[in-house]
Structure formats: C-alpha cells, structure tokens
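# Summary of structural features
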Amino acid sequence: MDLGVSAGDPTADLTAGDPAGDPTCDPAVGDPTCDPAAGDPTCDPAGDPTCDPTAADPTTGDPTTANPTAGDPTTGDPTSDDPTAGRDPLLFLQALQTRWPTKELQQLREEAWQGFAALDDPLTGLLDMLEGGRTGGGQGRSLQAWVACELQRWLQAQPLSLRLAPGSPQLGQLQARAAGVLAGSPLSLTELLVSIFRLQDADRSLLLDHIDRLHERGKFKEAILLSTKLKLQPELDLEKMSTPLLLQNKMNLVERYVDGFPDLQRKLLVLMDSWCQPGFDIRDVARRFPTLTAARLEKLSPKPLSRQVLWLLGRCGMDPALCSNVINQQHLGTLQYLCYKRFVEGSLSQENWADHVRDLVGQSEWLQDRLLQLLASHCGVAMTARCALDLSLPEGRLPATVANELSRLRLQERMVQAGRSLEKPSCKDRSSYYQLPIAREDICFLATWEDLARHGPELLQPGGVVGVDLEWRPLFQAARRPCASLVQLAVEGRVLLLDVPRLAQPPGGRGAQALSQLLGQLFSDLSITKLGYGMAGDLRSLGASCPTLADAEKQMRGVLDLQQVHRQMRLAGVPGPVVDAAGAPRGLSLLVQQVLGKPLDKAEQLSNWDLRPLREEQLIYAATDAYCLLEVYRVLCQDPARFHLSMNLAKSLGPRRSSRSGAQEPPGRQEAPPSPQQVPAAVDEGAAPEVSAKDFHVVCDSMLQGLARSLRCLGVDVRVLGAGEDHRRAAEIARLEGRIILTSGLPYHKLQAQVGAGRCLSVDCSLKAREQARAVLRHFNVRVTLSDVFSRCQVCNCDQYLKVSKDMMKHLMQLNGHHEDPSGMAGEETTPREDRQGTGSAPEPAPRDCAYDPPCRWLEASDLQTITPATLGNGTRLQLAGVPAGVLWRPGQWPFYCCTGCGKVFWEGSHLGRLTAHFHEVLETPPPQLL
C-alpha cells in the first residue's frame, strides 16, 4: 500500500492537535473544525478526548478503551459492517456523513481510521471524497475538512512506508488533482491540501491558476495568504494582488506579502505613492472591484495614505526618491507652515525662515514654483524679491515684476560693497515681551566635562528649584524623533546651557558620562523641584541624543509640569488674551503673559539649534525659556486662588504612585476629576440664546475629527472638510447652510473675516476632544438632552437609522459569510426557517433595561435591495464585517441599529454609559443607570 507520506517526512511532520505546529488547527485561518474558541467540541483537547490524536492511535492507544484496535491497519477488520465496506471512498464518506450529526466523535474517529486503513490509496481516496462531495453544502464542507485533518493525523501514526519521490509522475498527478480541488475549497481546507500533497513543491502553473481563480471569485484575502505561504509573490502581479487588500485597509497582509522581496517593496511604494498625486481619486480604483464589500476608502485619503507610505519607506529602508508625490506634498505642507509663521504670525525671523526654506526647496522646480505662489499670496513684490535673493531662486522662474525688483536689490548690494550705506532697518521693539531679569554674564554655556564639574553643584542643592527646558532643530516631517541640541537649567540668578551634541560625543566618553551622571542625579533627587512645560516630549528628545538617558522620564522625581497646571487654569476659566488672532501667544508664552503680564518672544523658537556657535539671540531666547519657569512658579505659589488653583503648588510635589508598578508619577500629570467649574464658561455668557443640539449646525476643518465625532454623539449636525480640502470651503458651507465654523490654527483669521463675528470659533488643540466639545457647547449655549445622545451617526453624520432584530442580523451575516454559528458548522442553522422568514417585521421588543431606544422603524426584507451583499434600497451596503461574533450570541433580544447613510452597524454596550458620564455637566438629565 503506497501512502505517499512517510512518518519521517519533514513536510508532513505536523504535531497532531497542536495549533502551534499544525496549520490545519490554526484558529487564525478560520477553520471552524479546528477552532476551540468557535465552540466545536471536536477540536477542544481540554474538553474532548476525541481530539487527542493518541486516543485512537494504535501505537499509543489506551487498552481500556472499548475498541483498542480501532484504526489499526494490522488488526482492523475491513469486512465488518462499517463504512469501509467495498473500499469505495464515496461510500465511506456517505457512511460518515450519516453519523456526522450525532456528534459521537469517538466512534466517528475509530470508523474513520478503519476506513483509511482499508482504502487502497488513502491520498487518492481523499481526493475522490473531496471531488465527489462538493455539492454537500456547509455541513459537507465541514465534514470534509474534518476527514482531511484526521487523515493527516492517521498518516503520521503509520510506520515507515514508501514515499512518493519529489517529481515522480504519480505525485505530480495527485498534486494536479489537489490543485483542481483547491478552486472550490475554503482556506482551512486549502491549508490541509497544501500540507498533505506537498503543493509547495508542485508545478507552479497549477498553483498560479488557483490564485487566479480565487481572485475571480473575490477571495482576495485567501489569495494573498496562500500565495504568501507558497512563496509565489515573484510570479504574481503586485498591483493585482495588493490593491483589493489596500482598499479594505488590510495593510498588514500586504506588508507580509512583500516582506523579504525588495523589488516588490519598491513596486508597492511606487503604487501607493501614485495614489497620492494631486487630483487622484481613489474611487476610480475601487470601481474596478465591484464585488468588494468592505472597502475603507477613508483610510486612503492623501493624508493617512501618505503617513502609511512614509512609515513603510522607513521600515523597508528605501530611497525616498521612490515616493516623489508624498515627499513633495510633505515639503509643500512644511512650506505653508513656514510662510504662515513668517508672514502671518511674524514669529519667525527672516534669517531662520530662509535657512529652513533653502534646505527644504533645494533644486526642485516644482517646489520653487509653489514657494513663489505662497510668497505672492502672503506678501508684496518687494518682500518676494528679497526672499528670492536670500534663497538664490533662479531668475528665469520669477514673474517680471519680481525679477525687476530683484535687479534693484542686487544693485543696492553692489552699492553697499562699494562703500555706500543703506538705511539700517529699525530694531525690533522688545519692550512688550518678558525680559530676562539676569545679566548676560550669568548665562553659562557648558561644552566640556570640566564645565559640568565646575557648575554642577549649583544644580544639586537640596530643597532647590530648577527650571528645565530643551531645544532641538525643528523637524517638520515625522520621519524620526528630534534629538536635543541644548539643555537649559535655570536656578535663582543663573542659567546653565548644556551643549548636548558636543558633550554626548563620543558615546561613553568623559563628557557623555558627566552629562548622564549630572542629569540622572538631578532628575532622580526628590528633594529638588524640577519645573518644566510639556516635559515628556523634552525628555524623549534627550533620550534620542544621549541613549544613557533614554529612561530619564521614568526616573523623574519631584517634578511639576506647568503645562498641566496651565491646562487646569484654562478649564477653570482664568481670564487671558484672545488666542484666536494670528500671532497671539500660546503655550508657555500664554502662561507667562497670564501670570507675569507679558508674553515670551518666540522669534528664535524654530531656529537651527544644531549650528555652532549659537547666535546671541538664540542664547538669550534659550535662557529666557528656562528662567521664566522659576518666576511663574513663584507667583503661582504666592497666590494660587487668583489663578483658580485649589491648593498651594509647593505642597503638590509629593511622590504619587502611577499605574505602572513601582513608578511615581509627577504631580500635575494626572487628570483632575471632572467638575462643573472646570468647563470653560461661554464668552459673555447669557448673551447667546439657548439652542437645542439638533438645531446646532457646524462645519469643522479636517484637523478636528475627534471633536466632530464627540459632537455628533451628542446629536449635533457636524460637517467635516475632507483631507486636503481647502479651508475656504468651510466659509462657503457656512454661508450656504447657516453653519458655524470650528477651526484650529492657521486659517482662523481668514475664515473669520469671511463669515463675520460670532460665526467662527478657534478651538484649543491642546484640549482633548471631549473637553473641546464641552467648551463649544458652553460657548454657544447648546442644550443637550438624553434623546440627543447617539441620535446621529458619528461616522457620516446621518440621523436616520433602521432597527435590526438579532435574528435577522444573524441571518444576514451568515448569508454574507462573515460569521458561522457557535457550533462551528456553517450549514447547520440554529434558527428555524419559518422564524427567519418573519424576521424584521415582528421582532421581540427590546428588554426593559435597554437604555438606548431611538425612534426608528424596524428593518424589513422589503428594505433590502440585495441580501448578498446586504444592501439597502438607497444603495448603502451594511458594514457587517464590523460586528464581532460575540455580540451576536450574547443573551437576550438586543436590537442592532444600522445607519442608512453609511451602513455602519451599532448596538448598545458600555459606550452609552461612558458617554453620558463624560458629558453629565452639559446633559439636562442625569445619565441612566444601566444594569
């Protein structure tokens, strides 16, 4: 008897019943016959001895069992009255099928192993059973997978036998038949056939044909998984294989597919970059796959797609030149930001601006043209010509008026060189900014280990207070973590500036050791108060520059982050300047103005801090940023009530335990418990008339997605600009639809001028989305009731739902192939057919403790345009793939709700209670008590 597989064959050496070693028992591949979590006792080693391959193994069988010889080819009786009679594989399968519903699995296994022993050729017999049982439906496929799994285990238990040699005609014939069976097989059975028939060594054309058939049937995930397993990637078309998966936001499968193939990684990057070119519409790609039911096109808009490309670019270590569209768009965004900082806010000096732009634009003609367009929109001809001169832009690309002005500037420069003088520009008046109260000689620049040894004791005085700040060269792209260039440490009357790049090199040198020792001792000393503003980011950049300080954040003791104190002041409604105007102080500068009366001068904030020597303006700026922390802290401690702080800050520095074991969290890092007085009061509260949530209409820019979702959860009508959509579109929508504009950052001043006072609000981006939502509702005096909660879809803003009974949801999901029933048998229905016919028209009412019951009608069969895929009459496909299996099988008749706008499916859970708790201050009635 030629079994075709030897017990010693490494290609068939699979540990029976071991999910780690047997691909046929990998729950991740979705085989219900081998997934213990699916509820099928046939594969639960802990609960059913029939899943133990030794239970019916003649080599290790238990002599106490009812039939110790069952399944042993040397002792089994092939002539007995069992399914092996006649040795016909189809009769064998038919006999097993009659016993399959009884679930007497021990007897089934014994009969199966007897049948395998009686077959002339078990491998040929398996193919006969698979080919002859294709019409058996879900129950037949489940049985076939079980038979294939048992055959593989039986083959392993046999003594050494003749193996079919690789490349032999008989093995080739079996592999050809197995490849044909693959066309109609689920992924779980496919894994078994690949292993049993060694298809990884088969004729590649057979396997490639099977991959093509999977694609034609819309089995895109199965196709890419199987081709990855069989290493077929170099012989397949990357765009064809990856595009459907990318449209479904299954980037992880695509990454796995190209892993280890640099040529494919390059092709993937080029493909994704082509989707980022200006004017490209991803919907044109999606139309090529009409059968795709779970497309996630919102994940493929330019911004999120660009982030994926950049991440993959760094992970694969590829040349950024492959992704010219993404890189150019990234640089263009940086140019827009720099031009805003220079020409609108005025917070960036011409010297620093030119330094960054020169490195950014380089020789790219495309970026040079975009830069000229930005300059024309922000400034006049004279300033544009000055910038062109500073950046050495090609004169041939300049408009005629700018080129003429540039010639005049060059003539003036030649006159200066000839000894003539031009009128000196007036110096900037800095009297309106906070002034450093110490002398210039008290600012010390430390660049050697000897400097640290000489000045270090000044920092380590017990009971002292030290202001801590860091500076680094700005990185306008999130390609890597910034590295600290300067550490500023301020004590009373003196500021020490530590030159990190020089001290940290070489690693392990005396300078690096002295720096690490000094800062480590300072940060871990609980008796020394360390003041900072947003210290977490500062310390991460320090760890990037000096690896020995990578864990500095975890070692910090006795720290007060004034950013958290400032946040509490804003939530408590501490009066301050209007921050909506361009160039208004923000962050630490705003805190200094609120406490000390004048803001910080931030003109050097974005300068190049890696340059040496630093300019005098940079040294003064760095020292001021650190020293102001000491003065702010002193005033806050003297009069905390004036700033709506509940306690003296000097008493809040005791160690606190964080959620991390053994760690102490600095005070101010934990969120204060919500209380009504912490919500910002409306400007001129009482002047704005009360408006209900359903009558409050707003439009948000694309940077406020979180705020939009929070407001929609409370019933507010919110439109959101698409990624890359011009902010001027918000003004158009506001005028046409009577909406209020919610924006952040750069576009506020332009939008406010287009819609008038009171119709545009600048949102504080330092607040979390829930806090932003509370501030907006209070500012506009919006009334929110419990009936408003979840009255709109937080995804698409639609306010029309259909209620779906649990039985209909089960039925739709089974028909659409998303979940099987708990027993793991796809073909066995747990609901009688006559009950399913009426599903949706007369469902059971929701339980009395169901707190969410919006006014909407039940989904009926007549509402569905098609059932597979489940599509409403308006063309909206239900997003059934997002419904977890566990929700379907929880007790009770909880209904589901589907959004008629986008097809998103919702159900009641803990989210309702959490949301009402978060917004209890703005809700008219207390949150419901959920059972």
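Please refer to the structure placed before this passage.
A brief report on the enclosed structure follows. All chains use their own residue numbering, which begins from 1 and follows the written sequence. Local features are withheld for residues below a pLDDT of 70 in this predicted model, meaning they are given only at 70 or higher, and side-chain atom pairs are given and counted only at 80 or more; totals for whole chains, interfaces and linings count all residues. In computing side-chain properties, one takes all heavy atoms of the structure into account and sets aside hydrogens as well as water.

### Description of helix H31 (residues 806-815)
- Exposure is judged per residue with a 1.4 Å probe applied to protein chains only, and the accessible area is read against the type maximum: over 50% gives exposed, under 20% gives buried, and values in between give partly exposed. Here a strand is any run of E in DSSP of at least two residues, a helix any run of H or I of at least four, and the numbering for each starts at the N terminus. Looking at H31, one finds that the buried residues are Lys806, Met808, Met809, Lys810, Leu812 and Met813.
- The elements touched by buried residues of H31 are strand E15 (801-804), strand E16 (864-866), helix H33 (885-888), strand E18 (896-899) and strand E19 (905-907).
- A positive phi of about 75° marks Gly817, the residue just after H31. Here, residues are in contact when the closest pair of their heavy atoms is within 4.5 Å.

### Some points on the sheet that holds strand E6 (residues 559-561)
- The pairing criterion is simple: DSSP has to find at least two bridges between the two strands. Pairing within the open sheet is mixed, and its six strands lie in the order E1-E4-E3-E2-E5-E6. Two strands in the sheet have a free side with no partner beyond their single neighbour: strand E1 (443-446) and E6. Sheet twist, expressed as the mean angle between neighbouring strand axes with direction ignored, is 25°.
- Alignment of strand E2 (residues 465-472) against strand E5 (residues 529-532), held across three bridges, turns out to be parallel. The partner of Val466 across the bridge, within E5, is Lys530.
- Relative to the sheet, helix H24 (residues 562-571) contacts E5 and E6, its axis offset from that of E6 by approximately 45°. Think of each axis as a best-fit line through the C-alpha atoms, taken over the contacting stretch in the case of a helix, with angles from 0 to 180 degrees between the N-to-C directions.

### Overview of the sheet that holds E18
- Spatially, the three strands line up as an open sheet ordered E15-E18-E19, and their pairing is antiparallel. Edge positions in the sheet fall to E15 and E19, since each of these pairs with one other strand and no more. Adjacent strand axes in the sheet meet at a mean angle of 30° when their direction is disregarded.
- Examined bridge by bridge, E15 and E18 share four bridges and lie antiparallel to one another. The residue bridging Val804 from the neighbouring strand is Phe896, located in E18.
- Taken strand by strand, H31 contacts E15, E18 and E19, and its axis lies near 90° from that of E15.

### Considerations on the pattern of salt bridges
- Salt bridges are defined as contacts in which a side-chain nitrogen from Lys or Arg sits within 4 Å of a carboxyl oxygen from Asp or Glu. Here the structure, examined in full by the defined rule, presents 35 salt bridges.
- Glu131 is the partner of Arg177 in a salt bridge, and the nearest nitrogen-oxygen pair spans 2.6 Å. Remark: Glu131 occurs in helix H3 (residues 122-132) and Arg177 occurs in helix H5 (residues 169-182); sequence separation between them is 46 residues.
- In this structure Glu131 comes out as partly exposed when scored by relative accessible area, which is 34%.
- Between Glu604 and Arg615 there is a salt bridge; the shortest N-O distance is 2.8 Å.

### Quick look at the packing of aromatic side chains
- Note on ring pairs: Phe, Tyr and Trp rings are taken, using the six-membered ring of Trp, and paired if centres are within 6.5 Å. Classes follow the plane angle, with under 30 degrees stacked, over 60 edge-to-face and the rest tilted. Counted by the stated rule, this structure contains nine aromatic pairs.
- Arranged with centres 5.5 Å apart and planes meeting at 55°, the rings of Trp100 and Trp146 form a pair that is tilted. Within this pair, whereas Trp100 is found in the loop between helix H1 (89-99) and helix H2 (105-118), its partner Trp146 is found in helix H4 (residues 137-157), the two being separated by 46 residues in sequence.
- Ring centres 6.1 Å apart and planes at 85° place the aromatic pair Tyr801 and Phe906 in the edge-to-face group. Remark: Phe906 occurs in strand E19 and Tyr801 occurs in strand E15; sequence separation between them is 105 residues.
- Members of the aromatic cluster, connected to one another through ring pairs, are Phe92, Phe116 and Trp154.

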